[in-house]
Amino acid sequence: MSDANDLRREAFRNWVKAKGGVAAVNAATGVPKTTLYSYLGGKAQSLLGTTQEAIASAFGVAIDEMFGGRMTVPVVGYVQAGAEAVLFGAGQGPFDHVPAPEGSTDHTVAVEIRGESLGPLLDGWLVYWDEVRTPPTEDMIGRLCVVGLPDDRVLVKQLQASRTPGCFHLLSNNEPPIFDAEIVWAARVKTMTPR
């Protein structure tokens, strides 16, 4: 019976073959052929993380994809969940890939929470969404959303209706509300998981 390492090795062997073989992977990445052959032949138990990253980066795939792993989604940036004014909108990711949550689509992405306004336990958690809406729609009222503000802040907040046209109140657990905020875009949170 095969263990998980054998299954990963076999998946990687098939992936390398689909990419043109060891010589093609070597040419694209600079990873020595001896390293690849050693792993594929079972002499090495695993590939170093830096080697995996180099191969994945050269071929534009997530590491798990090379080893037959589950679907992944890109981490496209950070969201602020605190009072500190940090500009997150400019220069965001993608940074890496994480396992996709149940019900993910080709459009699902993740961001990492930075801050404690949703509660200290959620700092560093991942927030997933599928669809960005510009402007936010009525079905987002009362829901937790990732929102982009005109000053490039990206926040995760609950939306509340405002009497000011085109604006919303942004609520969180541990910080004062932000009243009458103009929102450039919003995405309804699909799910949240620890990182």
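Look a little higher up for the structure.
Residues numbered from 1 in each chain as written. Predicted model: local features only at pLDDT ≥ 70, side-chain atom pairs only at ≥ 80, totals over all residues. Heavy atoms only, no water.

Right, let's talk about the layout of surface pockets for a bit. Reported here for the largest pocket is a volume of approximately 180 Å³. The wall of the largest pocket is formed by ten residues, among which V61, A62, I63, D96 and H97 lie closest to the centre. Secondary-structure elements contributing two or more residues to the lining of the largest pocket are α5 (63-66) and β2 (96-99). Here the residues of the lining of the largest pocket sort into six nonpolar, two polar and two charged. (1 Å grid on protein atoms, 1.4 Å probe; cavity = no way out; pocket = protein on both sides within 12 Å on 5 of 7 lines; lining within 4 Å. Points joined across faces, edges and corners; volume = space filled by probe spheres on them. Helix = DSSP H or I, 4+ residues; strand = E, 2+ residues; numbered from the N terminus. Nonpolar A, V, L, I, M, F, W, Y, C, P; charged D, E, K, R; others polar.)

If you look at the biggest cluster of nonpolar residues, it comprises 15 residues, and the most contacted ones within it are F12, W15, V16, L36, I55 and M66. Secondary structure elements with two or more residues in this core: α1 (4-18), α2 (22-29), α3 (33-40) and α4 (49-59). Excluding residues within four positions of it along the chain, W15 makes contact with V25, I55, F59, V61, E65 and M66. In terms of nonpolar packing, the next biggest core, distinct from the first, is built from 14 residues, V111, L122, V154 and M192 among them. (Core = buried A, V, L, I, M, F, W, Y, C linked by side-chain atoms within 4.5 Å. Buried < 20%, exposed > 50% of the residue type's maximum accessible area, 1.4 Å probe, protein only. Contact = heavy atoms within 4.5 Å.)

In terms of backbone geometry, most residues other than glycine have negative phi values and most peptide bonds are trans. The omega torsion across T134 and P135 is -5°, close enough to zero to call that bond cis. Even without glycine at this site, D180 takes up a positive phi of about 50°. Note that D180 resides in strand β9 (residues 178-182). On the basis of relative accessible area, D180 is assigned to the partly exposed category, the value being 38%.

Purely geometric stuff here, so don't read any function into it on its own.
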